[in-house]
Amino acid sequence: MAMISETAAPVGPFYDDLHTKYIVTLGDKLDSPSSYEGAVTEHLRVSGVYWSLAALALLRNEDEVDDLMGLTKPIQAATEGTEKNKIRSAIVDWVFQCFDARVGGFGGNCSGENPHDAHLLYTLSALQILAISDSLDDERLDKDAVANYVSSLQNEDGSFSGDEWGEIDTRFTYIAFSCLALLKRLPLPDWSSNSTQVVSEEKPIIDTCKAVKYIMSCRNFDGGFGCVPGAESHAGQVFTCVGALSIAQSLHLLEDADLLSWWLAERQCDSGGLNGRPEKQADVCYSWWILSALSILGRVDWINTGKLGQFILNCQDDEDGGIADRPMDMPDVYHTFFGLCGLSLIGQLEKIGSKEGRNYRQIDPVFALPTDVVTRLGLKAQVISNGGVDVEKRLQLHSILAI
């Protein structure tokens, strides 16, 4: 297949200082009693904090993130108009307040000292925050309890539910694998024979082989993946399935990676942005869902990266900072994080940083954490070297499967 990537630097400014201010002041704005946005996002605040921290972590080093956000230490509220001398507790301390000791997972927020009900989504976000802050060995983290919580949500067919109420989605398989990998509790499958047993002297905490087989049962004729078997292919589900296979060192099961990569490449619209499925508008968040999958598959150059980079820059708010889903819309931290991830995965964030004299950090396409954090934690996944081409430097810490 002819490669269509265009790597010329996008035209247009990058609003580093505005984005930093937007991220740093967002928490205090959402905490305001009069904030509508704060009220409607209260239930997912742990994930919102992860998106904020991870976004800022791409633009600033660890010490600067801690100083600006109060990651491991209390800081004064950053927003003008807040209560004078108001001190906000360290984010890490607040995360532990969201731990639901009844089941062993993390909720999306807490009311005083009472955590919300645990869910896999917020459990991963909590662990990612602790990973960024180098707090996974904090004595307050009951790793066995969290691992057992993840294990308790695996179903007989290998799938995972998001919580005790039973919703099933391939997202939750990726999340379960990520949680256990961060906790160093993930048993890897043994594909060297027909055995379905994992390599372990003890009973594994989850059946990884069965989970991987469930993922493969969700693959469609077009090469994509759905949330359950028979569901429509969707770019978000493609990332979670490819990411789960990567963490489980099982990418060899994608016997026709070209078909999947072609489906992903077809998601690029005339605007340069990417959509999640056919006939939908481009959305900045798919700069992550699609590029991360293409990066793992070794095929980022199957899309026009120059046009994508310009689309992301066009979605910036040049007055208040942040990145929106598409040009002229209101920014939010979800799209800000994934927009920055997109610029990182096509190498444009690094080029912008070099031009501006800043040393921006890179994002890992598997774990959605800065690559230096992934290296520090010793996290290992699997990526594909397409046609024997050398994988980019950020991926060389993972196992490389040559196809």
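Now for a quick tour of the structure. (Residues numbered from 1 in each chain as written. Predicted model: local features only at pLDDT ≥ 70, side-chain atom pairs only at ≥ 80, totals over all residues. Heavy atoms only, no water.)

So, the overall build of the protein
What counts here: Secondary structure elements are defined from DSSP: runs of H or I of at least 4 residues count as helices, runs of E of at least 2 residues count as strands, and each element is numbered from the N terminus. The globule rule used for comparison is 2.2 Å times the number of residues to the exponent 0.38, while the radius of gyration itself is calculated over C-alpha atoms. Exposure classes here rest on a 1.4 Å probe applied to the protein chains alone. A residue is buried below 20% of its type maximum, exposed above 50%, and partly exposed in between. Working convention for charge: Lys and Arg count positive, Asp and Glu count negative, and His plus the chain ends are omitted. A single reference atom marks each charge: NZ on Lys, CZ on Arg, CG on Asp, CD on Glu.
The helix and strand tally for the protein stands at 16 helices and eight strands. For a compact globule of 403 residues, the expected C-alpha radius of gyration is about 22 Å, and the protein comes in at 20 Å, within 12% of that figure. Residues counted as buried form 58% of the 403 residues belonging to the protein. Here the protein contributes 32 positive and 57 negative side-chain charges, whose respective centroids are spaced 2 Å apart.

Remarks on the pairing of strand β7 (residues 382–385)
Which entries qualify depends on this criterion: Strands pair, by our definition, only if DSSP identifies at least two bridges between them.
Residue alternation in β7 divides its side chains into two sets, Gln-382 and Ile-384 and Val-383 and Ser-385, and both sets are buried. Sheet topology note: the β7/strand β8 (residues 399–402) ladder contains four bridges and is parallel. What sits directly across from Val-383, in β8, is Ile-400.

Observations regarding unusual backbone geometry
Here the phi dihedral of Met-328 falls at roughly 75°; this positive angle occurs in a residue that is not glycine. Summarising the element assignment, Met-328 is placed in the loop between α13 (305–314) and α14 (333–345).

Some thoughts on the packing of helix α8 (residues 170–182) against helix α9 (residues 208–217)
Counted only if it meets this: Only the stretch in contact is used when fitting a helix axis, every axis being a line fitted to C-alpha atoms; angles between N-to-C directions are given from 0 to 180 degrees. Take the far helix as the reference: if the near one is turned anticlockwise from it by less than a right angle, the crossing is left-handed, and if turned clockwise, right-handed. In what follows, residue pairs with any heavy atoms lying within 4.5 Å of each other are defined as contacts. Side-chain classes are defined by residue name, with Ala, Val, Leu, Ile, Met, Phe, Trp, Tyr, Cys and Pro counting as nonpolar, Asp, Glu, Lys and Arg as charged, and the others, Gly among them, as polar.
Contact geometry for α8 and α9: axes closest at 10 Å, N-to-C directions at 145°. When you trace α8 past α9, the crossing you get is left-handed. For the pair α8 and α9, the contacting residues are Thr-170, Thr-173 and Phe-177 in the first and Thr-208, Ala-211, Val-212, Tyr-214 and Ile-215 in the second. The residue inventory of the contact of α8 with α9, partitioned by class, reads five nonpolar, three polar and no charged.

Focus: the nonpolar core
Short version of the rule: In this text, buried Ala, Val, Leu, Ile, Met, Phe, Trp, Tyr and Cys residues form a nonpolar core when linked through side-chain atoms within 4.5 Å.
With 127 residues, the main nonpolar core has Phe-160, Phe-177 and Leu-369 as its most contacted residues. In terms of residue count, the dominant contributor to this core is helix α3 (residues 45–59) (11 residues). Setting aside residues up to four positions removed in sequence, Leu-369 forms contacts with Tyr-50, Gln-128, Ala-131, Ile-132, Leu-182, Gln-362, Ile-363, Asp-364, Val-374 and Leu-379.

Examining α9
Our working definition: Under this definition, polar contacts are N or O atom pairs within 3.5 Å; protein pairs additionally need one hydrogen-donor-capable and one acceptor-capable atom, and for neighbouring residues in sequence, both atoms have to be side-chain atoms.
The complete set of buried residues in α9 reads Thr-208, Cys-209, Ala-211, Val-212, Tyr-214 and Ile-215. On its buried side, α9 packs onto α8 and α10 (235–247). Where α9 begins, one side-chain oxygen reaches toward the backbone nitrogen of Cys-209, 3.4 Å away; that side chain belongs to Asp-207.

Points about helix α11 (residues 257–265)
The complete set of buried residues in α11 reads Ala-257, Leu-260, Ser-261, Trp-263, Leu-264 and Ala-265. The inward-facing, buried residues of α11 contact α10 and α12 (286–297).

Regarding the packing of aromatic side chains
How we decide: Between rings of Phe, Tyr and Trp, where Trp is taken as its six-membered ring, a pair exists when centres lie within 6.5 Å; planes separated by under 30 degrees are stacked, by over 60 edge-to-face, and by other angles tilted. Ring-over charges, as used throughout, are those where CZ of Arg or NZ of Lys falls within 6 Å of the ring centre and within 35 degrees of the ring normal.
The full count for this structure, using the stated rule, is 11 aromatic pairs. Their ring planes at 80° and their centres at 5.0 Å tell us that Trp-51 and Tyr-334 sit as a pair that is edge-to-face. One end of the pair, Trp-51, is in helix α3; the other, Tyr-334, is in helix α14, and 283 residues separate them in sequence. The class of Trp-51 is buried, set by a relative accessible area of 16%. Following the ring pairs from residue to residue traces out a cluster consisting of Tyr-50, Trp-51, Tyr-174, Phe-239, Trp-288, Trp-289, Tyr-334, Phe-337 and Phe-338. One Lys or Arg, Arg-267, reaches over the ring of Trp-263 and ends 4.7 Å from the middle of that ring. Here Arg-299 stacks its cationic end above the ring of Trp-302, 5.5 Å away from the centre of that ring.

So, the layout of surface pockets
Regions of empty space are outlined by a rolling probe, equal in size to a water molecule, passed over the atoms. In plain terms, the rule: Cavities and pockets are defined on a 1 Å grid built over the protein atoms alone: a cavity is a set of grid points where a 1.4 Å probe fits but cannot escape, while a pocket is an open set with protein on both sides within 12 Å along at least five of seven lines, and lining residues are those with an atom within 4 Å of any such point. Grid points are joined across faces, edges and corners, and a volume is the space filled by probe spheres set on the points.
Roughly 970 Å³ of internal volume is contained in the largest pocket. Around the largest pocket, the lining is made up of 35 residues, and of these Leu-26, Gly-27, Lys-29, Leu-30 and Arg-45 lie nearest the centre. Where the lining of the largest pocket is concerned, the elements lending two or more residues are α1 (16–31), α2 (36–40), α3, α5 (91–97) and α14. Classifying every residue of the lining of the largest pocket gives 18 nonpolar, eight polar and nine charged. Estimates place the volume of the second largest pocket at around 620 Å³. Lining the second largest pocket are 28 residues; nearest its centre among them are Leu-121, Arg-171, Ile-175, Trp-289 and Tyr-334.

Observations regarding the pattern of salt bridges
Operational definition: The working definition used for a salt bridge is a side-chain nitrogen of Lys or Arg within 4 Å of a carboxyl oxygen of Asp or Glu.
For the structure shown, the criterion picks out 23 salt bridges. The partner of Arg-361 in a salt bridge is Asp-372, with the nearest N and O atoms 2.9 Å apart. Of this pair, Arg-361 sits in the loop between α15 (348–356) and α16 (371–377) while Asp-372 sits in helix α16, and the two are 11 residues apart along the sequence. Residue class for Arg-361 comes out buried when judged on its relative accessible area of 12%. Overall, the relative accessible area of 32% leaves Asp-372 in the partly exposed class. Linked by salt bridges that have partners in common, Asp-16, Asp-17, Arg-60 and Arg-358 make up one network.

As far as function goes, none of this settles anything; it's purely spatial.
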